[in-house]
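# Structural features, examined
Listed below, chain by chain, are the residues.
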Amino acid sequence: MSDSFEKDLDAQIKAALTGQDREILEATQELGWFQLGLKQFRGKLGWVTWVLMVVQTLMFVAAIWCAIKFFGATDVMPALKWGFSASVLMLGALQIKLSLMPQIQADRVIREVKRLQLMIAAKGE
């Protein structure tokens, strides 16, 4: 859809709604990428996101430390130990961060369903 069509549709929806419906519509506005990510830190499960991000950050820092040790190793066995540790920690940190993506997508879908419900309610009145 074109931007002008979406803006026109949004304007028509806002004109049809009053009071509480208008507040709901404003609460369900489409958010940008960073706003979606930051929204995960609030709400009932915000604490889970905080824990995941702390663990992910610690794993990333440990992976960097292991990578530095890997590049400084002169023998094969220590290099294998530090290199394997660095790669496993880095992949674990990446996996933890990517585990938040399905929740972000679910929030986007729920927001659009709410918008559809409002459009249907406006048509019915």
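Residues numbered from 1 in each chain as written. Predicted model: local features only at pLDDT ≥ 70, side-chain atom pairs only at ≥ 80, totals over all residues. Heavy atoms only, no water.

To continue, consider helix α4 (residues 46-72). Over its 27 residues, α4 runs 39 Å from end to end, which matches the ideal 39 Å to within 8%, given 1.5 Å per residue. Turning to α4, its buried residues number three or more, namely Gly46, Thr49, Met53, Gln56, Ala63 and Cys66. Summarising the contacts, the buried residues of α4 are in contact with α5 (76-98). (Helix = DSSP H or I, 4+ residues; strand = E, 2+ residues; numbered from the N terminus. Expected span 1.5 Å × (residues − 1). Buried < 20%, exposed > 50% of the residue type's maximum accessible area, 1.4 Å probe, protein only. Contact = heavy atoms within 4.5 Å.)

A separate point is the side chain of Gln56. By the element assignment, Gln56 lies in helix α4. Setting aside its immediate chain neighbours within four residues, Gln56 contacts Ala93, Ile96 and Lys97.

This part is about the packing of α4 against α5. Axis separation between α4 and α5 bottoms out at 8 Å; the angle between their running directions is 155°. As the angle between them shows, α4 and α5 are arranged roughly antiparallel. Every pair of crossing elements has a handedness; the one defined by α4 and α5 is left-handed. (Axes fitted to C-alpha atoms, helices over the stretch in contact; angles between N-to-C directions. Parallel < 35°, antiparallel > 145°, perpendicular 65-115°, else oblique. Left-handed = near helix turned anticlockwise from the far one by under 90°.)

Applying the stated criterion across every chain, the model contains 3 aromatic pairs. Summarising the aromatic geometry, the rings of Phe70 and Phe71 are spaced 5.0 Å apart at their centres and angled 70° between planes, so their arrangement reads as edge-to-face. For Phe70, a relative accessible area of 32% puts it in the partly exposed group. (Phe/Tyr/Trp six-rings, centres within 6.5 Å; stacked < 30°, edge-to-face > 60°.)

Across its 23 residues, α5 extends 32 Å between first and last C-alpha, which sits within 8% of the 33 Å expected from 1.5 Å per residue. For α5, the set of buried residues is Ala79, Trp82, Gly83, Ala86, Gly92, Ala93 and Ile96. Each element contacted by the buried residues of α5 is listed here: α4.

It is worth spelling out the confidence of the model for the protein at this point. The predicted model of the protein averages 82 in pLDDT, with 75% of residues at 70 or higher. Across the protein, element-level confidence peaks in α5 with a mean pLDDT of 95 and bottoms out in helix α2 (residues 20-27) with 65. (pLDDT = per-residue confidence, 0-100.)

For Gln95, the position within the fold is in helix α5. Take Gln95: its relative accessible area is 53%, and that puts it in the exposed class. Each C-alpha atom, one on Gln95 and one on Gln56, is 8.8 Å from the other, the two residues being 39 residues apart in sequence.

A separate point is a nonpolar patch on the surface. Residues Trp33, Phe34, Leu91, Leu94, Leu98 and Met101 make up a contiguous nonpolar surface patch of about 690 Å² in total accessible area. If you list the elements that add at least two residues to the nonpolar patch, you get α3 (33-39) and α5. The element contributing the most residues to the nonpolar patch is α5, with 3 residues. Note that Leu91 resides in helix α5. (Patch = residues over 30% accessible without salt bridge, like charges linked within 9 Å, V, L, I, M, F, W, Y side chains within 5 Å. Areas by Shrake-Rupley, 256 points an atom, 1.4 Å probe, with all protein chains shown as cover. Salt bridge = Lys/Arg side-chain N within 4 Å of Asp/Glu carboxyl O.)

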